[in-house]
Each structure stands twice: as C-alpha cells, then as structure tokens.
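Structural overview
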Amino acid sequence: AGSAAVGAEPLRVFFSGSYAFLATAGNDRELVIIGGGEGGWANPTHVGSVDLGGGKPLLAVAVAGDYAYAGREKAEGNSEFVVFDVREPRTPLVAGQLEVNDSVHDVAILGHRAFLATDANAKELIIVDVANPGSPVELGSYNAPGNSDGLGVFALGNTAILTTRSNSGDAEVYLLDVSNPAAPTLRSSINLSGNPDVNAITASGTHLFLATSDAARDVQIYDITNQSAPTFSGSYDTAGSGNATSLVLRATELYVGTRNNGG
C-alpha cells in the first residue's frame, strides 16, 4: 500500500485505530507514530515521536486506549518499562515509568495490568498495575526455572503465558495462573523438543502458537483447551533457513515473519 522512511530501525510495530506505533532503536526517537497521510496508507507519514534519552532501544510496544506501553533494553539510569500518553499522537508524552533493572522484551496488556517478559533472572515475568498510568506499580513476578531470559508474553483471562530462550533441561513455555497477581502459580509448562528459543507467541482460547528457532518446526502449535495439560497439535516448517520471529493470528489465518531468509 505504501512505505515511509522512519529514520530508525523499527523493532516492533503495533496498530491501533488510525496509527502504527513503532518501538525503534533510534537514539532520538525510541517511539515513533506513523499515520496515513494524504491518500491514506498509500502515503504513510511521520506523526510524532518521543526521545527517551539514554541511547537504549525500545524492544516492544502495546497500545490500549489512550496509552502506549513499552519495554526497553536495560538502560542504566533510565527505566525499562515506559508508559506513553498518546491521546495526541502529534505530541506523545511520557506518562509514567518503572525501573526493572533488566531488558523488557515483550509487553502484554489486559485490563489494568501489564505483563512483562524480562531478562531478570529471578523475575522473567513481571506483573504491573497500570490503573494509574502515571504511576505503574509492580504487583508480582514469576521466576522461571533455569537461567533463560523471558522473550514473549501473552495474557488470556486469568492466564499469562511466558516464553523464554532455549532452556536446556527446563521448559521454554509456562502457563501461569495470575488470578492473584502478587503470587502467580504454575499451571503447566512445555519443554520443546530440541530446546529452541521461543521468539514470539500468540494464542486463541483453545490453541497456542509459537514462533521458534527450530529449523524444521519454525511454527509450533499446542492445544491448551486443558491448560493443565497442553498437547502438541502440529508444526510448520517455513521455506529456507530463516527462523520464525513474529506472529499475528486473525480468525483462522496465522501470519508469520522470519529472519533474513536468503531468497
């Protein structure tokens, strides 16, 4: 439909309403907002941006209502979870921040809670109360076994699903009961064959979809009808050697992005 020069490497994109919100590696524009210009998305244009300072990129962004919630690479002296007021996309503002002390790779929003997948060795999942976006408060956390970083998170009702890097000897996927956010408890876990990284996650009410670094099973699907006992449903091997890195589920269609895939 169209394209736009952003001036910074986009690491994640989230569409909301008439705008695309980009988490970027730009030193002076970590959050970039793009909108359809004259002619709509045939001519996308830069609407607004925010400079956070500190030289560290945003790694994830999710938008709910009037606010964008973003995760950042570990930034000494700066917060890694940032809430932006985007009610006026031309002049987005930092509304609130929370110091995590480790990189935040993914953010999921459900109601007035934010779920963060992090590098923190004792807190791979952090749950944050964002009822007051100007003052986010940590409610609780989950320490996944092993030393692997949290990479992805998806929130579904009273369940948070955390994915991690390759975790030899331990699971890479954790289904957590977060009905008490101060003390998440494990419902079940999935130890993937070959222990690949799980780069991205999405889910429906009955199935879990994983983008992995498994060369032969880039996309893996699990039935989570019984969340206490997920079962393997199937997998898909994308052509070439580029591992799956991103997923979007729309009704019965799954869209998959991969790394550089050599043709």
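To be clear, the structure that these remarks concern was listed above.
Here goes a summary of the coordinates provided. Computed from a predicted model, the values in this text were never measured in an experiment.

Let us look at the overall build of the protein chain. When helices and strands are counted, the protein chain shows 0 helices and 22 strands. What you see for the protein chain is a C-alpha radius of gyration of 18 Å, in line with the 18 Å of a compact globule of 263 residues. Per-residue burial for the protein chain yields a buried fraction of 48% across its 263 residues. Considering only contacts in the protein chain between residues 6 or more positions apart, those separated by 24 or more positions represent 38%. Here the protein chain has roughly 11500 Å² of accessible surface; of this, 46% comes from carbon and sulfur atoms. Between the mean site of the 14 positive side-chain charges and the mean site of the 28 negative ones, the protein chain shows a separation of 2 Å.

So, on to the pattern of salt bridges. Across all of its chains, the model carries 12 salt bridges by this definition. One salt bridge connects R29 with D28, and the closest N-O pair in it is separated by 3.3 Å. Of the residues examined, R29 reaches a relative accessible area of 25% and is grouped as partly exposed. Across the pair D177 and R187 runs a salt bridge, and its minimum N-O distance is 3.4 Å. Residue D177 is found in strand 15 (residues 173-177), and its partner R187 is found in strand 16 (residues 185-190); the two are separated by 10 residues along the sequence. Looking at R187, the relative accessible area reads 28%, which means it is partly exposed.

Among the secondary structure elements, E30 is positioned in the loop between strand 2 (19-24) and strand 3 (31-37). Excluding anything up to four places from it in sequence, E30 contacts L22, A23, T24, V50, D51, L52, G53, K56, L58 and R72.

The next point concerns unusual backbone geometry. With a phi close to 70°, N101 is a non-glycine residue in the positive phi region. Mapping N101 onto the fold places it in the loop between strand 8 (93-98) and strand 9 (104-110). Residue N101 is classed as partly exposed on the basis of its relative accessible area of 46%. The phi dihedral of N195 falls on the positive side, at around 50°, and the residue is not glycine.

Where strands meet in a sheet, backbone hydrogen bonds hold them as pairs that are either parallel or antiparallel. The strand order across the open sheet formed by 4 strands is 1-2-3-4, and the pairing between neighbours is antiparallel. In this open sheet, the two edge strands, each paired with only one partner strand, are strand 1 (10-16) and strand 4 (40-50). The average angle at which neighbouring strand axes cross in this sheet is 25°, direction not considered. Direction of pairing for strand 1 relative to strand 2: antiparallel, over a ladder of 6 bridges. Within strand 2, the position partnered with F14 by the bridge is F21.

Let us look at the packing of aromatic side chains. Remark: the centre distance and the inter-plane angle together describe each pair of aromatic rings, the angle taken between the planes. Throughout the structure, instances matching the rule amount to 4 aromatic pairs. Summarising the aromatic geometry, the rings of Y142 and Y174 are spaced 6.1 Å apart at their centres and angled 50° between planes, so their arrangement reads as tilted. Taken as a pair, Y142 in strand 12 (residues 137-142) and Y174 in strand 15 lie far apart in primary sequence, 32 residues in all. Y174 carries the same exposure label as Y142, and that label is buried. Taking the centre distance of 5.4 Å and the plane angle of 70° together, the rings of Y222 and F232 count as edge-to-face. Taken together, the residues Y222 in strand 19 (residues 219-223) and F232 in strand 20 (residues 231-236) connect sequence positions 10 residues apart. Take Y222: its relative accessible area is 9%, and that puts it in the buried class.

Now for the environment of G257. For G257, the location among the structural elements is in strand 22 (residues 253-258). Put simply, G257 and A211 are 46 residues apart on the chain and 8.7 Å apart in space, counted from C-alpha to C-alpha. Not counting residues up to four positions away in its chain, the partners in contact with G257 are N243, A244, T245 and S246.

Moving on, we get to a nonpolar patch on the surface. On the surface, a nonpolar cluster with roughly 320 Å² of combined accessible area is contributed by V13, F15 and W41. You can call V13 partly exposed: its relative accessible area is 47%.

Strand order in the open sheet formed by 4 strands is 17-18-19-20, and the pairing between neighbours is antiparallel. Taken across any chain shown, the strands that pair with only one partner, and hence form the sheet edges, are strand 17 (198-203) and strand 20. Averaged over all pairs of adjacent strands, the angle between strand axes in this sheet comes to 20°, irrespective of strand direction. Pairing analysis gives 5 bridges linking strand 17 to strand 18 (residues 207-212), with the strands arranged antiparallel. Bridging from a neighbouring strand, A200 pairs with A211 of strand 18.

Basis of the calculations
Residues numbered from 1 in each chain as written. Predicted model: local features only at pLDDT ≥ 70, side-chain atom pairs only at ≥ 80, totals over all residues. Heavy atoms only, no water. Helix = DSSP H or I, 4+ residues; strand = E, 2+ residues; numbered from the N terminus. Rg over C-alpha atoms; globule rule 2.2 N^0.38 Å. Buried < 20%, exposed > 50% of the residue type's maximum accessible area, 1.4 Å probe, protein only. Contact = heavy atoms within 4.5 Å. Areas by Shrake-Rupley, 256 points an atom, 1.4 Å probe, with all protein chains shown as cover. Lys, Arg positive; Asp, Glu negative; His and termini not counted. Charge placed at Lys NZ, Arg CZ, Asp CG, Glu CD. Salt bridge = Lys/Arg side-chain N within 4 Å of Asp/Glu carboxyl O. Pairing = 2+ DSSP bridges. Axes fitted to C-alpha atoms, helices over the stretch in contact; angles between N-to-C directions. Phe/Tyr/Trp six-rings, centres within 6.5 Å; stacked < 30°, edge-to-face > 60°. Patch = residues over 30% accessible without salt bridge, like charges linked within 9 Å, V, L, I, M, F, W, Y side chains within 5 Å.

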